[in-house]
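Commentary on secondary and tertiary structure
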Amino acid sequence: MTEALIDTAAALPYEALSGDLDAAIELERLALSSMHARHEAGRRLGDVMLLLSTAHYLRGSADSATHYGLAAVEVFRGIGDDARAGHAQCAIAYNMKRRDLNAAFDLMRRGISTLRRADARWDLAGDYNKFGVLHEMAGALDSAHHYYRRSYELKLEVGDSLTVPFSMNCLGTVEHMRGDFISAEQWFTRALNMRARRGDAFGVAEEMLYFGELYEAWGRADQAIAAYEDALFRTEQVGYPRGRQQACDRLSVLYEQAGRLPEALASARSAARLKDSLLEAERARAVLDLEQRYRVSEKDRDLLTARAQAQRRRLIAWATGIGALLVLAIGALWLQRRQSRLRTERDAAVIAEREQGLKAVFDATEKERARLARDLHDGIGQQLGGLKHRLEHLRGAHADARLDASIAIVDETAIEVRGLAHQLMPRSLSRLGLLPAMQDLVHRTFEGSPVKAAFDHVGIDDELPTDAATGIYRIAQELISNVLRHAHATTIDVQLLRNKGHLVLLVQDDGVGIPEKLAAEGLGMRSMADRARALGGTFAIERTGERGTLATVRIPLHREPDDDHTRAAGR
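Residues numbered from 1 in each chain as written. Predicted model: local features only at pLDDT ≥ 70, side-chain atom pairs only at ≥ 80, totals over all residues. Heavy atoms only, no water.

1. Some thoughts on the overall build of the protein
Note the following rule: Runs of E in the DSSP output that reach at least two residues are strands. Runs of H or I that reach at least four are helices, and both are numbered from the N terminus. Partly exposed residues are those whose accessible area sits between 20% and 50% of the maximum for their type, while under 20% is buried and over 50% is exposed, using a 1.4 Å probe and protein chains only. When checking whether two residues touch, look at their non-hydrogen atoms; a contact exists if any pair is within 4.5 Å. Each accessible area value is a Shrake-Rupley result obtained with a 1.4 Å probe; residue values ignore everything except the protein chains displayed when judging cover.
On a plain count of helices and strands, the protein comes out with 23 helices and seven strands. For the protein, buried positions account for 43% of its 571 residues. Put simply, of all contacts in the protein between residues at least 6 apart along the chain, 62% involve residues at least 24 apart. About 30,800 Å² of surface is accessible on the protein, with carbon and sulfur atoms providing 53% of the total.

See below:
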C-alpha cells in the first residue's frame, strides 16, 4: 500500500494536482513522510518535493514553494540527475517571478543551461515556455514570442500533447498584447479545443478567462461577459478561487458599463469575498459607488410609483428616521474606531518599547561576546603562547618528559581558548560576512559526524545590515546546536534566501521532531523568537510529518542599519 501511495504521488498529473490543491498537498505530504520514515532517497523523492513546490505556488504559499523546490534540486543533484535538477531550478524561478524578477531570470538561465547540456528536450519544451513568461513580464515581447515558439515546436517534436495548449495560450497572449486580436483568438480557440478533447476541466475554465480578456480588449463587451460568466461557472466547479475572483472582478466592471447595476454590485461583492487580503482603496471606492448608484436608482423608482401625498410623506418620514439612525450609528462607529485606534497605538508603543529593550539586550550581549573573544585571544591566548615558548626553551636546556607533557597541555588549552573565542565571535562573520560564516558553521558543526548536512542560498547577492546578519547567524547557531544535541537526525538542510524584502532562514531535519511543550515553553525557543522579534521579524517551528522539524525565520531588510555599525557583506 505504501509503495503504491508513493508511486501515485510521484507521478501525479498536473490536472489532478491543480484540480484539488488541498487533496494533492495532503497526498504528497503523506508520501514524503513515508519516504523519510524509510530513509528513501532518489528521483521519486525529488519528484514529490517538486510537486509540493508547484502545489504551494498555485495556492500562494511562496516560502513553502521555494523551500520544497530547493530541496528537490538538492535531491536530484545528489543522485546525479542533472536534467531533473535543471528542471527544478526552472520551476523555482517561475514560482518566484512576481517577487524578484531579476533573481528569477538568473535562476532560469542556469536551469536552461543545465537542461541543454543534458539534452533534456522534453523538459526544455516546457521550461522554454516558462522562460518566455519571464520575458513577457519584463516587457520584451519579441524575446517572449521567440521562446514560446521554441517551446511549441519542441513539444510537437517530442509528442508532449498535454502542455501544447499552454504554449498556444502564451503565443495568443503575445499577439493580444501586440494588438493582433484575430491571431490571438485563433491560438486561444486551438488551445480550448485541445483541452476540451482531453477532458481538462481546469484548463477549459482557465481558457475562458483568456477569451474574456481578449474580447474585453477587442471591444466586444457582450462576448467578454459571456466568456467571463462561463469562466465563473467552471472555476467554481473545479475549485479555482483565483480564477473566480478574476472573473467576478471583470464582470463587475462590464456589468456597470452595460447599466446592469444590481449584477455589478453582486459581482463586486463576490470578488471582495474571494480576495485573500483587504481590498485596495480604489476597489473599495468602486464598490461604494455602485452601492450608492443602486440605492439612488431604487429610490427614484419608488418615488415615481408613489401615487398619494400621504405615501410620499410616510416615505420622507421613514427616510428621515433612517437618516437619524445612520447619523447615530456613524457617530457611534467613529467613536468606537477612535477608541480602538488609541488602544492600538498604546499597544504598539508598548510593543515597540519592549522590542527596543530586547534589541538593546541583544546588542549589549554581542558587544560583550566580542569583548570576551578579544580578551581570550589577546590576553589568555598570548599568555599561553608565552608560557609555551618558555617551556620549549627549558626543554632545550633540560630534556624532561614532564616538560613535553606540560607543553602538550598548554597546546590543548590554547586550542580550547581559540575555539571559545571563535564561538563567542566568529571571525568569518565579522570579516567576511554572513554567507561564509554560515557555510563555516554548518561544515564545522557536522564535520566528522554521521549527519549529512547541506547549506544553500538564493538571492543573497548584496550587503546585509549587521544586526540582521548577526541575528540570523545566532538563531542558526542555536537551531543547529539543538539538532546536533537532541534531534538524532541523519540529514539537515539549511537554506538562506531573500524573498520580497525579507531575509528568510529555513532549517529542516529528519530527526525525532520537537515536543509541543518544548516548542511552546523552551528557553531556547523563546530566546530565538525574542531575537527575531527584536529585528521586526518572526520565528516559527513545526513538525514535518511523523519525523523531522522545520524552523522558519523571516526578518525584514527595509530597516536602515545603525550609523555606528558597519554592514555585513552577503557574498
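Following the structure, the description resumes.
2. Some details on the pattern of salt bridges
Using the following cut-off: Salt bridges, as used here, are contacts in which a Lys or Arg side-chain nitrogen is within 4 Å of a carboxyl oxygen on Asp or Glu.
Tallying each qualifying case throughout the model produces 22 salt bridges. The residue Glu153 makes a salt bridge to Arg149 at a minimum N-O spacing of 3.4 Å. With a gap of four residues between them, Glu153 and Arg149 both fall in helix 9 (residues 141-158), about one helical turn apart. Note that Glu207 and Arg195 form a salt bridge whose closest N and O atoms lie 3.0 Å from each other. Placement of the pair is Glu207 in helix 12 (residues 201-218) and Arg195 in helix 11 (residues 181-198), with a sequence separation of 12 residues. Per residue, the accessibility class of Glu207 equals that of Arg195, and both read buried. Ionic contacts of the salt-bridge type, sharing partners, join the residues Arg43, Asp47, Asp81, Arg84 and Asp123 into one network.

3. Quick notes on helix 1 (residues 2-10)
Working note: α-helix, 3.6 residues per turn, so residues spaced by three or four point in the same direction. Going by this rule: Note that the arc is defined by the directions from the helix axis to the C-beta atoms.
For helix 1, the full list of buried residues reads Ile6, Ala9 and Ala10. Projected onto a plane normal to the axis of helix 1, the buried residues spread over an arc of 95° and lie on a single side. Of the surrounding secondary structure, the elements contacted by the buried residues of helix 1 are helix 3 (21-37) and helix 4 (43-59).

4. Observations regarding the packing of aromatic side chains
Where we set the bar: Only Phe, Tyr and Trp rings take part, Trp by its six-membered ring, and two of them pair if their centres are within 6.5 Å. Stacked means planes under 30 degrees apart, edge-to-face means over 60, and tilted covers everything else.
Scanning the model with the defined rule gives 11 aromatic pairs in all. Residues Phe202 and Tyr240 carry aromatic rings whose centres are separated by 4.6 Å and whose planes lie at 40° to one another, so their mutual orientation is tilted. With a gap of 38 residues between them, Phe202 in helix 12 and Tyr240 in the loop between helix 13 (221-238) and helix 14 (241-257) connect regions that are remote in the sequence. Exposure class is identical for Phe202 and Tyr240. Each is buried. Between Tyr215 and Trp218, the aromatic rings sit 6.2 Å apart at their centres with planes inclined by 20°, giving stacked as the arrangement. With Tyr215 and Trp218 both in helix 12 and three residues apart, this pair spans about one turn of that helix. In this structure Tyr215 comes out as buried when scored by relative accessible area, which is 9%.

5. Some points on a nonpolar patch on the surface
The following threshold applies: Distance thresholds for patches are 9 Å for like charges and 5 Å for nonpolar side chains (Val, Leu, Ile, Met, Phe, Trp, Tyr), applied to residues having over 30% relative accessible area and no salt bridge.
A cluster of nonpolar side chains, namely Trp318, Ile322, Leu326 and Ile330, defines an oily patch on the protein surface of about 480 Å² accessible area. Within the secondary structure, Ile322 sits in helix 17 (residues 309-397).

6. Let's talk about helix 5 (residues 62-78)
Just so we agree on the cut-off: The span expected for a helix works out to 1.5 Å for each residue beyond the first.
The end-to-end C-alpha distance of helix 5, which contains 17 residues, comes to 25 Å, matching closely the 24 Å that a straight helix rising 1.5 Å per residue would cover. Here helix 5 lies mainly inside the structure; 12 of its 17 residues are buried. If you check which residues of helix 5 are buried, you get Asp63, Ala65, Thr66, His67, Tyr68, Gly69, Leu70, Ala71, Ala72, Val73, Val75 and Phe76. Positive backbone phi, approximately 75°, marks Gly80, located one or two places after helix 5.

7. Description of the pairing of strand 5 (residues 538-543)
The side chains of a regular strand alternate, residue by residue, between the two faces of the sheet. Under the convention used in this document: For two strands to be treated as a pair, DSSP must find no fewer than two bridges joining them.
Here strand 5 runs beside strand 6 (residues 549-556); their pairing, made up of six bridges, is antiparallel. When the sheet's bridge partners are listed, Ala540 is paired in strand 6 with Thr552. Between strand 5 and strand 6, which pair antiparallel in sequence order, lie five residues; one of them, Gly545, sits at a positive phi of approximately 75°.

8. Observations concerning the side chain of Gln245
With respect to the helices and strands, the residue Gln245 is situated in helix 14. Ignoring any residue separated from it by four or fewer positions in sequence, one finds Gln245 in contact with Ala271, Leu274 and Lys275.

9. Overview of the sheet that holds strand 4 (residues 502-509)
Note the following rule: Throughout, an axis means a line fitted to C-alpha atoms (over the contacting stretch in the case of helices), and angles, computed between N-to-C directions, take values from 0 to 180 degrees.
A sheet is described by the order of its strands in space; here five strands give the open sequence 1-3-4-6-5, paired in mixed fashion. Bordering the open sheet on either side are strand 1 (452-458) and strand 5, each of which pairs with just one other strand. Neighbour-to-neighbour, the strand axes of the sheet open up by a mean angle of 10°, direction not taken into account. Set on the sheet, helix 5 makes contact with strand 1, strand 3 (491-499), strand 4 and strand 6; between it and strand 3 the angle comes to about 130°.

10. A few points about the environment of Ala271
Note that Ala271 resides in helix 15 (residues 261-274). For Ala271, a relative accessible area of 3% corresponds to the buried category. Between the C-alpha atom of Ala271 and that of Pro241, which follows or precedes it by 30 residues, the distance is 9.8 Å. With residues near it in sequence (within four places) discarded, Ala271 still touches Gln245, Cys248 and Asp249.

11. Here we look at unusual backbone geometry
The residue Asp119 is not glycine, and still its phi comes out positive at about 55°. Mapped onto the elements of the fold, Asp119 is located in the loop between helix 7 (101-117) and helix 8 (121-137). Phi at His488 is positive, roughly 55°, even though this residue is not glycine. Examined against the element boundaries, His488 turns out to sit in the loop between helix 21 (466-487) and strand 3. Judged by relative accessible area, which is 62%, His488 ranks as exposed.

12. Points about the packing of helix 1 against helix 4
Threshold: Angle categories are assigned with fixed cut-offs, so that under 35 degrees is roughly parallel, over 145 is roughly antiparallel, 65 to 115 is roughly perpendicular, and the rest are oblique. Each crossing gets its handedness from the near helix: less than a right angle anticlockwise from the far helix is left-handed, clockwise is right-handed.
Helix 4 packs onto helix 1 with a crossing angle of 55° between their chain directions and a minimal axis gap of 8 Å. In terms of axis orientation, helix 1 runs oblique to helix 4. As helix 1 packs across helix 4, the resulting crossing turns out to be left-handed. Where helix 1 abuts helix 4, its residues Glu3, Ile6, Asp7, Ala9 and Ala10 lie against Arg44, Asp47, Val48 and Leu51.

13. Here's the deal with the nonpolar core
Rules: Definition used in this section: a nonpolar core is a set of buried Ala, Val, Leu, Ile, Met, Phe, Trp, Tyr and Cys residues joined via side-chain atoms within 4.5 Å.
With 52 residues, the main nonpolar core has Leu32, Val48, Met49, Met96, Met108 and Ile112 as its most contacted residues. Among residues more than four places away in sequence, those in contact with Met108 are Cys90, Ala93, Tyr94, Asp127, Lys130, Phe131 and Leu134. Grouped together as the second largest cluster of nonpolar side chains are 39 residues, Ala437, Ala468, Leu479 and Met525 included.

14. Structural notes on the side chain of Ser167
Secondary-structure assignment places Ser167 in helix 10 (residues 164-178). We classify Ser167 as buried; its relative accessible area is 0%. Setting aside residues no more than four positions away along its own chain, Ser167 makes contact with Asn129, Tyr148, Ser151, Tyr152 and Lys155.

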